[in-house]
Amino acid sequence: MCTAWYVATVSGRTVAFLLLDRTPDGAFARLAAAWAGRVSSVSDDHATPTGVLVRPDGVVAWASDIAAVTRHEAALHRWAGAPSSSPEHEPVG
């Protein structure tokens, strides 16, 4: 299990994971708020794959066509470590 990829430094600046959220209600982006600073979210129109998590080096770490928040949360834990304790984070479900 690799959790050391969550932040990289490229040309002197910090780069985080990128999450592409294509769920109709933005569920993945809301979930990723708990990883603020390590995961940046971008939402677009509903399409497939439903969610894509891209490592700082541009490699896809995780992708799914299923809008299952539990699967997505497990991928965030695996790749970006434990969530931050953030007051902005609201449980999704």
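Everything that follows concerns the structure shown earlier in this document.
Residues numbered from 1 in each chain as written. Predicted model: local features only at pLDDT ≥ 70, side-chain atom pairs only at ≥ 80, totals over all residues. Heavy atoms only, no water.

Caption draft 1: Highlighting the side chain of threonine 23. Locating threonine 23 in the fold gives a position in the loop between strand S2 (13-21) and helix H1 (27-32). Looking at threonine 23, its side chain comes within polar contact range of the side chain of aspartate 21, at 2.6 Å. Here the side chain of threonine 23 touches alanine 27 through a polar contact of 3.0 Å, landing on its backbone nitrogen. (Helix = DSSP H or I, 4+ residues; strand = E, 2+ residues; numbered from the N terminus. Polar contact = N/O pair within 3.5 Å; in protein donor to acceptor, adjacent residues only side chain to side chain.)

Caption draft 2: Structural detail: the nonpolar core. The biggest cluster of nonpolar side chains holds 17 residues, and the ones touching the most others in it are Phe17, Leu19, Trp35, Val39, Leu53 and Leu76. At the level of secondary structure, the elements contributing two or more residues to this core comprise S2, H1, strand S5 (60-64) and helix H2 (69-80). In this view, valine 39 contacts Ala16, Phe17, Leu19, Ala32, Leu53, Leu76 and Ala80; residues no more than four positions away in its chain are not counted. (Core = buried A, V, L, I, M, F, W, Y, C linked by side-chain atoms within 4.5 Å. Buried < 20%, exposed > 50% of the residue type's maximum accessible area, 1.4 Å probe, protein only. Contact = heavy atoms within 4.5 Å.)

Caption draft 3: Expanded view of H2. Between the first and last C-alpha of H2 there are 16 Å, a value that for 12 residues agrees with the 16 Å anticipated at 1.5 Å per step. Of the residues making up H2, those classed as buried are Val69, His72, Ala75, Leu76, Trp79 and Ala80. Along the axis of H2, the buried residues cluster in a sector spanning 120 degrees; they form a single face. Following H2 by one or two positions, glycine 81 adopts a phi angle in the positive range, close to 80 degrees. (Expected span 1.5 Å × (residues − 1). Arc of directions from axis to C-beta.)

Caption draft 4: Inspection of the side chain of threonine 50 at higher detail. Looking at the secondary structure, you find threonine 50 in the loop between strand S3 (39-43) and strand S4 (51-54). Overall, the relative accessible area of 3% leaves threonine 50 in the buried class. Within the local environment of threonine 50, its side chain forms a polar contact with the backbone oxygen of aspartate 65, the two atoms lying 3.1 Å apart. Among all residues touching threonine 50, those that are not within four sequence positions of it are Leu20, Asp21, Arg22, Thr23, Phe28, Ser64, Asp65, Ile66 and Ala67.

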